[in-house]
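# Close look at the chain arrangement
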Amino acid sequence: MSVMSGCGPILYLGGEFVPAATATVSVDDRGFQFADGCYEVTLVVEGCCIALDRHLARLQRTLDTLRIEFDAATLAPIHHDLIERNELADVALASIYVQITRGVAPRAHAFPVGAAPTVLVRAQEIAGPSRSMIEQGSRAITAVDIRWGRVDLKTTGLLPNVLAQQAAHEAGVDDVILHRDGVVTEGSHTNVFAVIDGVVVTAPADHRILPGVVRAVVIESAVAAGIAIDEREWTLDELSAADEVFMTSTTAGARPIVEVDGRPVGDGHRGPVTTRLQQLYAAFVAAERTR
């Protein structure tokens, strides 16, 4: 009999595995009241969690900085359990979403005393990027980065990201590239790279960008393959003159951007460096599946 038979998807909430249809969170939860929490997303390929150790390490860093007391490592077996309970072992692509808030307490800005974190973990099948998006690329617009000053923390306060992505949607394109005073930072939910004079350029991993897991893998893979990488500030002028542009994210890997603000990037097609880095990331994913 199906694990999900009669109850639909199963998620983990409050220390228990429960049907998603009956799961509830208090209106006094600080995640609801203040966006006082963080999250993480891990890609699952045919039942295998890709780079789970890196994702949990990033989650732990955010928890520690926010001073939410929780051991992220305890979530590893829950990831695997949810894959089994939701029958995702043979599904091509899925994702596991973790959200941890400071917990339930009367509404007051200061940290509550004695509140237990609210921990949610859910797994679901995803479509992933289309073949066209991977090979032929996407279009993007640029927008001013109005997010808060600690974007390196993966928190749930994502309204500026939502507004930026909505602007892209209303412009009829797939993505948005953010900038602060003309300096490129990242996308609304991606890291951004450019190939400039044969060098792969991306913003440094400081407080202005999220240190993406795929970003790190791509950089490490490029260095190992002898592809020049430069983590530095780069500008909108450099973006408009770049030979190639691509974005990275957990659920989409590395994918090319072939048009920005209505102008083609390079010759308007996926470039050779982007293609090579896509191949290297695919090799990383394949290696993770055999670990």
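Look above for the structure.
Notes on the structure follow. Everything numeric here is computed off the predicted structure, so don't read it as measured data.

### Quick look at the overall build of the protein chain
Summing up its helical and strand segments, the protein chain has eight helices and 15 strands in all. Its C-alpha atoms give the protein chain a radius of gyration of 20 Å, near enough to 19 Å, the size a compact globule of 291 residues would have. Over its C-alpha atoms, taken along the principal directions, the protein chain stretches across nearly 55 × 45 × 35 Å. With 291 residues in all, the protein chain has 47% of them scored as buried. Summarising the internal contacts of the protein chain: among those between residues at least 6 apart in sequence, 72% fall at separations of at least 24. Surface exposure of the protein chain reaches about 13,700 Å², of which carbon and sulfur atoms provide 54%.

### With respect to the nonpolar core
By size, the foremost hydrophobic cluster in this structure holds 26 residues, and its most contacted members are L59, L63, L75, I96, I100 and V121. Elements that contribute at least two residues to this core include exactly β3 (37-45), α2 (52-66), α3 (76-85), β5 (93-101) and β6 (118-125). Not counting the four nearest positions on each side in its chain, I100 is found in contact with G37, C38, L59, L63, I68, F70, L75, P117, T118 and V119. Counting residues in hydrophobic clusters, the runner-up holds 24 residues, among them I227, V273, F284 and V285.

### Quick notes on the packing of aromatic side chains
Tallied over the full model, the rule gives four aromatic pairs. Where Y12 meets F17, the ring centres are 5.2 Å apart and the plane angle is 65 degrees; that geometry is what we call edge-to-face. Residue class for F17 comes out partly exposed when judged on its relative accessible area of 27%. Positioned over the ring face of F17 is R85, at 3.9 Å from the centre of the ring.

### Observations regarding the sheet that holds strand β4 (residues 48-49)
The six strands lie next to each other as β2-β1-β6-β5-β3-β4, forming an open sheet whose pairing is antiparallel. Here the strands that pair on one side only, and so sit at the sheet edges, are β2 (16-19) and β4. Bridge count for β5 against β6 is eight bridges, and the pairing is antiparallel. Along β6, the bridge assignment pairs V98 with V121.

### What to know about the side chain of R147
Tracing the backbone shows R147 in the loop between β7 (138-144) and α5 (159-170). Side-chain polar atoms of R147 contact the side chain of E186, separated by 2.7 Å. Sequence-distant contacts of R147, that is, excluding residues within four places in its chain, are made with P160, N161, L178, R180, T185, E186, G187 and R208.

### Observations concerning the pairing of β6
For strand β1 (residues 10-13) and β6, the ladder comprises three bridges, and the chain directions are antiparallel. Bridge pairing links L13 to L120 in β6.

### Notes on helix α8 (residues 272-289)
Taking 1.5 Å of rise per residue, 18 residues should cover 26 Å, and α8 covers 26 Å from first to last C-alpha, within 8% of that figure. All of the buried residues along α8 are V273, T274, T275, L277, Q278, L280, Y281, F284, V285 and E288.

### Focus: the environment of C38
Positionally, C38 belongs in strand β3. With relative accessibility at 0%, the residue C38 sits in the buried group. Residues C38 and T62, spaced 24 residues apart in sequence, show a C-alpha to C-alpha distance of 7.1 Å. Not counting the four nearest positions on each side in its chain, C38 is found in contact with L59, T62, L63, L66, V98, Q99, I100, K154, T155 and T156.

### Comments concerning α2
In this model, α2 (15 residues) spans 21 Å end to end at C-alpha, consistent with the 21 Å of a helix rising 1.5 Å per residue. When α2 is considered as a whole, its buried residues turn out to be L52, H55, L56, R58, L59, Q60, T62, L63 and L66. Looking at the packing, one finds that the buried side of α2 touches β3, β4, α3, β5 and α6 (213-224). R67 occupies a position one or two residues after α2 and carries a positive phi of about 65 degrees.

### Some words on the layout of surface pockets
A probe matching the size of a water molecule, rolled over the atoms, marks out where space remains unfilled. Considering only enclosed or pocket space, the largest pocket measures out at about 900 Å³ in volume. Around the largest pocket, the lining is made up of 40 residues, and of these Y39, K154, L158, S188 and H189 lie nearest the centre. The set of elements that each furnish at least two residues to the lining of the largest pocket consists of β3, α2, α5, β9 (183-187), α6 and β13 (244-249). Ranked by the residues each element gives to the lining of the largest pocket, the list is headed by α5, at four residues.

What counts, and at which threshold
- Residues numbered from 1 in each chain as written.
- Predicted model: local features only at pLDDT ≥ 70, side-chain atom pairs only at ≥ 80, totals over all residues.
- Heavy atoms only, no water.
- Helix = DSSP H or I, 4+ residues; strand = E, 2+ residues; numbered from the N terminus.
- Rg over C-alpha atoms; globule rule 2.2 N^0.38 Å.
- Buried < 20%, exposed > 50% of the residue type's maximum accessible area, 1.4 Å probe, protein only.
- Contact = heavy atoms within 4.5 Å.
- Areas by Shrake-Rupley, 256 points an atom, 1.4 Å probe, with all protein chains shown as cover.
- Core = buried A, V, L, I, M, F, W, Y, C linked by side-chain atoms within 4.5 Å.
- Phe/Tyr/Trp six-rings, centres within 6.5 Å; stacked < 30°, edge-to-face > 60°.
- Lys NZ or Arg CZ within 6 Å of the ring centre and 35° of its normal.
- Pairing = 2+ DSSP bridges.
- Polar contact = N/O pair within 3.5 Å; in protein donor to acceptor, adjacent residues only side chain to side chain.
- Expected span 1.5 Å × (residues − 1).
- 1 Å grid on protein atoms, 1.4 Å probe; cavity = no way out; pocket = protein on both sides within 12 Å on 5 of 7 lines; lining within 4 Å.
- Points joined across faces, edges and corners; volume = space filled by probe spheres on them.

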